[in-house]
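What follows is the residue order along each chain.
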Amino acid sequence: MEKDETKFTILMFPWLAYSHVFPFFELAKSLSKRRTFHIYFCSSAANLGSIENNLNNHKLRCNDDDDVSIDLVELQLPPSPQLPPHFHTTKNLPPNLVPILLQTFQESSSSFSRILIDLKPDLLIYDFFQPWAAKQALSLSIPSIYFATAGAAPFSYFHHLHTHGSASTFPYQEIYLSDREKADLNAVVAPEIKDADQDFAFGNFKLSCDIVLIKSSKGLEQKYIDYLSVLCRKKVVPTGPLVQESNIKDDDDDESEVIMQWLSEKDRFSTVLICFGSEHLLPKEQIVEIAKGLEQCCTNFIWIVRFIMDENALRLEDELPEGFLERVEGRGLVVQKWAPQAKILSHPSIGGFVSHCGWSSIMESLYFGVPIIALPIKFDQPINGRLVVEAGCGVEIGRGENGICSAEEVAKAIKKVIMEDSGEGLIRYNARNLGEKMKTEKEIAANEVAEELLLICKKSKQHADKI
Ligand SMILES: C[C@@H]1O[C@H](OP(=O)(O)OP(=O)(O)OC[C@H]2O[C@@H](n3ccc(=O)[nH]c3=O)[C@H](O)[C@@H]2O)[C@H](O)[C@H](O)[C@H]1O
């Protein structure tokens, strides 16, 4: 690729998950608009396919291709019989294939090394599962920055646990994990990787140059951002929420038109969205309890449902209580495929969001001022859910000993946010207030990030010129 000598080049390299690729891509678009950076965006062909569509629409909106200097660079993953190329992403990946994708990704390090040598960028921005990318850059005197796509609360909690060996001294006890949730956390990194790099998750912080980028908002996480800076001894720079605005315009396919038309017929704040991210599948028992809870609370709802299909279950109806779809006709819409979540959350009829509390979902919901009804599943999600409750912007659904949220608990939590104008109006007020702060912060954060990266590129460029 022709290198534009007037601009500093940045190679951006996210982990293959949809919810990592898109925050990296939103940051890439923000940086490329500044005319001082040329971005190389590296991922698998499976991810670049969905990026390309988004990028072309972005270029159309910018009306000037020169404004948008982003080149897509394909990462070649080693062939694997269990993992055909269309599975080189976590979007809709069967859960049992995630460890195989993780391992195959680790084996792509030599392919990445060739890209790094060919492009010789002024800066590398890398992600959670590939500290080896930063080490390769270091060996070529290329500075690298770790960009964390989860929040500062979970990262400061995990870093405190890693450094101090116990959560009992964590300074913010409103954030905690139950024993079950701690066990889930240990499942984050496949054992073979954890062994390979002792402080795996925190090797990223050490390898990063003077700053670490984090997808976060000072309005929501200031004290956690500050504490994480102390723990990792780096300047932690929030990027702002990086909500996929373009996704809102790009999702104009027939299916999303039907959803938006259906929403337009509902009263303001009257409808709850239910969605559990791009990766997670709920067990049938939890699906059934959510369905019963929606019947009990009589609210309007849009449910983007994905579940572990029983071998013999061929139809959605087989997974839901008998007659459920008929009984909710008119007030409930069950969507069994990918839907424009950010666009739905931006609609004025949405009054609450039953979410697994994945970090991008949290950022999108609060950015649009929608209170969260938390049903966290694993990883950082329990901490994200408690963060939202601590901020007064949501409630957490009560859970039984078996880890399942009963219909009664689901209905109670939804009513607390959607149905009663009593004290709970405060939850909506807090969420909308925080959303306004996040919108104000967005441009300020983008400028701060660009200034920090420019400083590092200049130092790197001057350094290279001196050699
Ligand atoms: C960082 C890490 O990402 C993971 O990804 P996951 O996809 O589960 O969730 P989100 O981060 O909410 O990301 C999901 C993203 O997919 C979008 N979406 C999803 C379903 C759909 O039908 N339509 C959509 O547009 C949604 O708008 C969001 O942008 C884990 O949660 C982890 O806990 C989290 O911290």
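Residues numbered from 1 in each chain as written. Predicted model: local features only at pLDDT ≥ 70, side-chain atom pairs only at ≥ 80, totals over all residues. Heavy atoms only, no water.

Trainee: Explain the sheet that holds strand β2 (residues 37–43) here, please?
Mentor: Pairing between the strands of a sheet is mediated by backbone hydrogen bonds and can be parallel or antiparallel. Spatially, the seven strands line up as an open sheet ordered β3-β2-β1-β4-β5-β6-β7, and their pairing is parallel. Lying at the two open borders of the sheet, with one neighbouring strand each, are β3 (70–74) and β7 (235–238). Put simply, the sheet's adjacent strands are angled 25° from each other on average, direction ignored. Relative to β3, β2 runs parallel, the two sharing five bridges. Each residue of the ladder has a partner; that of C42, found in β3, is V73. Those strands touched by helix α5 (residues 131–139) are β4 (123–126) and β5 (144–148), and its axis lies near 170° from that of β4. Contacts from helix α10 (residues 218–232) reach β6 (211–214) and β7 within the one sheet, and its direction differs from that of β7 by about 160°. (Pairing = 2+ DSSP bridges. Helix = DSSP H or I, 4+ residues; strand = E, 2+ residues; numbered from the N terminus. Axes fitted to C-alpha atoms, helices over the stretch in contact; angles between N-to-C directions. Contact = heavy atoms within 4.5 Å.)

Trainee: Looking at this model, I keep getting lost on the sheet that holds strand β12 (residues 372–374). Mind explaining?
Mentor: A sheet is described by the order of its strands in space; here six strands give the open sequence β10-β9-β8-β11-β12-β13, paired in parallel fashion. Taken across any chain shown, the strands that pair with only one partner, and hence form the sheet edges, are β10 (332–335) and β13 (394–396). Neighbour-to-neighbour, the strand axes of this sheet turn through a mean angle of 15°, independent of strand direction. Where β12 lies against β13, three bridges are found, and the strand directions are parallel. The residue of β13 that forms the bridge with I372 is G394.

Trainee: Looking at this structure, I do not really get the nonpolar core. What am I missing?
Mentor: General note: in soluble globular proteins, nonpolar side chains tend to be found buried as a group. The biggest cluster of nonpolar side chains holds 89 residues, and the ones touching the most others in it are L11, F13, F112, F155, I302, I344 and L366. Residue contributions to this core peak at seven residues, all from α10. For this core, the domains that each give at least three residues are domain 1 (8–244 + 440–466) and domain 2 (254–432). Ignoring sequence-local partners within four residues, the contact set of F13 consists of F24, C42, L75, F105, F112, L124, I125, Y126, D127, Q130, W132 and A133. (Core = buried A, V, L, I, M, F, W, Y, C linked by side-chain atoms within 4.5 Å. Buried < 20%, exposed > 50% of the residue type's maximum accessible area, 1.4 Å probe, protein only. Domains from an automatic or database assignment.)

Trainee: Looking at this model, I keep getting lost on the environment of V243. Mind explaining?
Mentor: Structurally, V243 can be placed in the loop between β7 and α11 (245–250). With a relative accessible area of 2%, V243 lands in the buried category. Sequence separation between V243 and F368 is 125 residues, and the spatial gap between their C-alpha atoms is 9.5 Å. Each residue touching V243, except ones within four places of it in the same chain, is listed here: E26, M363, E364, Y367 and F368.

Trainee: Looking at this model, I keep getting lost on the site of the ligand. Mind explaining?
Mentor: Taken together, 22 residues lie near the ligand, and S278, A339, S361, E364 and D380 sit nearest. In the environment of the ligand, an oxygen atom lies 2.5 Å from a nitrogen or oxygen atom belonging to the side chain of S278. Within the backbone of A339, one N or O atom sits 2.5 Å away from a nitrogen atom of the ligand. The fraction of the free accessible surface of the ligand (670 Å²) that becomes covered by protein chains is 97%. Those elements that provide at least two residues to the shell around the ligand are α1 (18–32) and α17 (359–367). Here the shell around the ligand gets four residues from one element, more than from any other, and that element is α17. Counting only domains with at least three residues in the shell around the ligand, you end up with domain 1 (8–244 + 440–466) and domain 2 (254–432). (Near = heavy atom within 4 Å. Polar contact = N/O pair within 3.5 Å; in protein donor to acceptor, adjacent residues only side chain to side chain. Areas by Shrake-Rupley, 256 points an atom, 1.4 Å probe, with all protein chains shown as cover.)

Trainee: What's the story with helix α18 (residues 381–390) in this structure? I'm lost.
Mentor: In an α-helix, one turn spans 3.6 residues, which is why side chains three or four residues apart end up on the same side. Of all 10 residues in α18, eight are buried; the element is thus mostly enclosed. Within the span of α18, buried status applies to Q381, P382, I383, N384, G385, R386, L387 and V388. Just past α18, the residue G392 takes up positive phi, approximately 75°.

Trainee: Help me out: how do you make sense of the domain arrangement of the chain in this one?
Mentor: Reports of interface size often rely on the accessible area that becomes lost once the parts have come together. One can read the domain layout of the chain as domain 1 (8–244 + 440–466) and domain 2 (254–432). Here the C-alpha centre of domain 2 lies 28 Å away from the C-alpha centre of domain 1. Here domain 1 packs against domain 2, burying approximately 2600 Å² in sum over the two surfaces, 66% of which is carbon and sulfur. Linking R386 and E181 is a salt bridge whose minimum nitrogen-to-oxygen distance equals 2.8 Å. If you look at where domain 1 meets domain 2, you find seven residue pairs in polar contact (both at pLDDT 80 or more). Class assignment of the residues belonging to the side of domain 1 that touches domain 2 gives a composition of 17 nonpolar, seven polar and nine charged. (Buried area = accessible area lost by both parts, 1.4 Å probe. Salt bridge = Lys/Arg side-chain N within 4 Å of Asp/Glu carboxyl O. Nonpolar A, V, L, I, M, F, W, Y, C, P; charged D, E, K, R; others polar.)

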